[in-house]
Amino acid sequence: MTKTSPFAFDQNVRLYDYNNEFILLDKPSVKCLTYPVKTDTTISIICLNGQVRGHSNMRYFDTKSPCLIILMADHTVMIEYLSDDFSGLFIIMSKKFTMALNIEEHLPVFLSLHNKPFIALNVEELTSLKDYFKTVQRVLETDNPYNLKIIQYFTKAYFYGFGYNVHHIEQRNGQEKKPRLEVLVENFLNEVQNNFKEERGIEFYANKLCVTAKYLSKIVKNHNGLSAKQWIDDYVVCEAKALLKSTDMTIQQISNELNFPSQSFFGRYFKRFVGLSPMEYRKV
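In this report, we go over the structure that sits alongside the text. No experiment lies behind these values; they were computed from the predicted model shown.

1. Description of the nonpolar core
Argument step 1. Counting residues in hydrophobic clusters, the biggest one holds 32 residues, and the most contacted among them are Phe188, Leu216, Leu258 and Phe266.
Argument step 2. Mapped by element, the contributors of at least two residues to this core are α5 (180-195), α6 (202-209), α7 (213-224), α8 (228-246), α9 (251-257) and α10 (263-274).
Argument step 3. Leu258 has contacts with Phe196, Lys197, Arg200, Val236, Glu239, Ala240 and Phe266, leaving out every residue within four places of it along the chain.
Argument step 4. Ranked by size, the runner-up nonpolar core spans 23 residues in total, among them Leu68, Met72, Phe97 and Ile151.

So this is what it looks like as structure tokens:
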């Protein structure tokens, strides 16, 4: 099982597994970790009961069943809360498996997940996803030389079918025009997500959005309680934490990845926000 999952599963959980590339977990006993991780798989969770709260690439979500949560590979993810009554079906796919599906990345279901990693489900959609899970589960229980192709076929159909429904949901929601300031904040967060490794100054983002730095910080803070600079720093620190916990990269390599002028500068920056040096945090 993946070492960079935001969940800690019971060691006795039963796996339905194909070569560690495609894994099903049927309502496992699960806890959430206390730190962000850099995921190396795509994790889909059909939430049957309970509540889940966390963030994926610093996009916060708080959702209740029934819903589908999809945490994309290479995202920085932290699950902050699972309710005591949480129950779900987990589908874990390796990068090799998802690449072999050859699903277009512009499919609406993927585009929407960059801003909101969950989709509320109605009864019909929930039943459809549960049927998909049970069908693939039965395939994994058989000894068939064509199992991989069968799983790929069902999974591809699942993404395209569900993606079609998401497209209509997005169209319906898009008809309700968002307030101008909400659009500004959303565009700011998109820019930060794309540029935080290279740009940590408010002025860069203000110029991109054609507003003053003072105005941008005020609007962002009024919208969600954090200033623009706090959002930028949170992205950087969260990414650093995930790289420290989820990879074998050296402190110097992480410093380079995040474009700090030196390892010592990165260390001081990290300690200012976390209260620990990068090495101390890695060992905790």
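2. Here we look at the packing of aromatic side chains
Argument step 1. Across all of its chains, the model carries 17 aromatic pairs by this definition.
Argument step 2. Relative to Tyr205, the ring of Phe204 has its centre 5.0 Å away and its plane inclined at 90°; by these criteria the two rings are edge-to-face.
Argument step 3. Of the residues examined, Tyr205 reaches a relative accessible area of 0% and is grouped as buried.
Argument step 4. Chaining the aromatic ring pairs together yields one cluster made of Phe260, Phe265, Phe266, Tyr269, Phe270, Phe273 and Tyr281.
Argument step 5. One Lys or Arg, Arg200, reaches over the ring of Phe260 and ends 4.0 Å from the middle of that ring.
Argument step 6. Between the NZ or CZ atom of Lys245 and the centre of the ring of Tyr35, over which it lies, the distance is 5.0 Å.

3. As for the pairing of strand β7 (residues 51-56)
Argument step 1. Buried residues dominate β7, accounting for five of its six residues.
Argument step 2. Bridge count between β7 and strand β8 (residues 59-64): six bridges; the pairing is antiparallel. Within the sheet, the bridge partner assigned to Gly54 lies in β8 and is Phe61.
Argument step 3. Connecting β7 to the next strand, β8, in antiparallel fashion are two residues, including Asn57 with a positive phi near 50°.
Argument step 4. Bridge count between β7 and strand β10 (residues 76-82): five bridges; the pairing is antiparallel. By the bridge assignment, Gly54 is partnered in β10 with Ile79.

4. So, unusual backbone geometry
Argument step 1. The omega angle of the peptide bond from Ser65 to Pro66 is -5°, so this bond is cis rather than trans.
Argument step 2. Locating Pro66 in the fold gives a position in the loop between β8 and β9 (67-71).
Argument step 3. Phi at Asn20 is positive, roughly 60°, even though this residue is not glycine.
Argument step 4. With respect to the secondary-structure elements, Asn20 resides in the loop between β2 (15-18) and β3 (22-26).
Argument step 5. With a relative accessible area of 45%, Asn20 lands in the partly exposed category.

5. Comments concerning the sheet that holds β9
Argument step 1. Ordered in space as β2-β3-β11-β6-β9-β12, the six strands form an open sheet in which the pairing is antiparallel. Edge positions in the open sheet fall to β2 and β12 (118-120), since each of these has one partner strand only. Sheet twist, expressed as the average angle between the axes of neighbouring strands with direction ignored, equals 10°.
Argument step 2. Across four bridges, the pairing between β2 and β3 is antiparallel. Across the sheet, residue Tyr18 finds its bridge partner in β3, namely Phe22.
Argument step 3. Across the sheet, helix α3 (residues 123-140) touches β2, β3, β6 (41-49), β9, β11 (87-94) and β12, and the angle it forms with β3 is around 115°.

Rules behind the numbers
Residues numbered from 1 in each chain as written. Predicted model: local features only at pLDDT ≥ 70, side-chain atom pairs only at ≥ 80, totals over all residues. Heavy atoms only, no water. Core = buried A, V, L, I, M, F, W, Y, C linked by side-chain atoms within 4.5 Å. Buried < 20%, exposed > 50% of the residue type's maximum accessible area, 1.4 Å probe, protein only. Helix = DSSP H or I, 4+ residues; strand = E, 2+ residues; numbered from the N terminus. Contact = heavy atoms within 4.5 Å. Phe/Tyr/Trp six-rings, centres within 6.5 Å; stacked < 30°, edge-to-face > 60°. Lys NZ or Arg CZ within 6 Å of the ring centre and 35° of its normal. Pairing = 2+ DSSP bridges. Axes fitted to C-alpha atoms, helices over the stretch in contact; angles between N-to-C directions.

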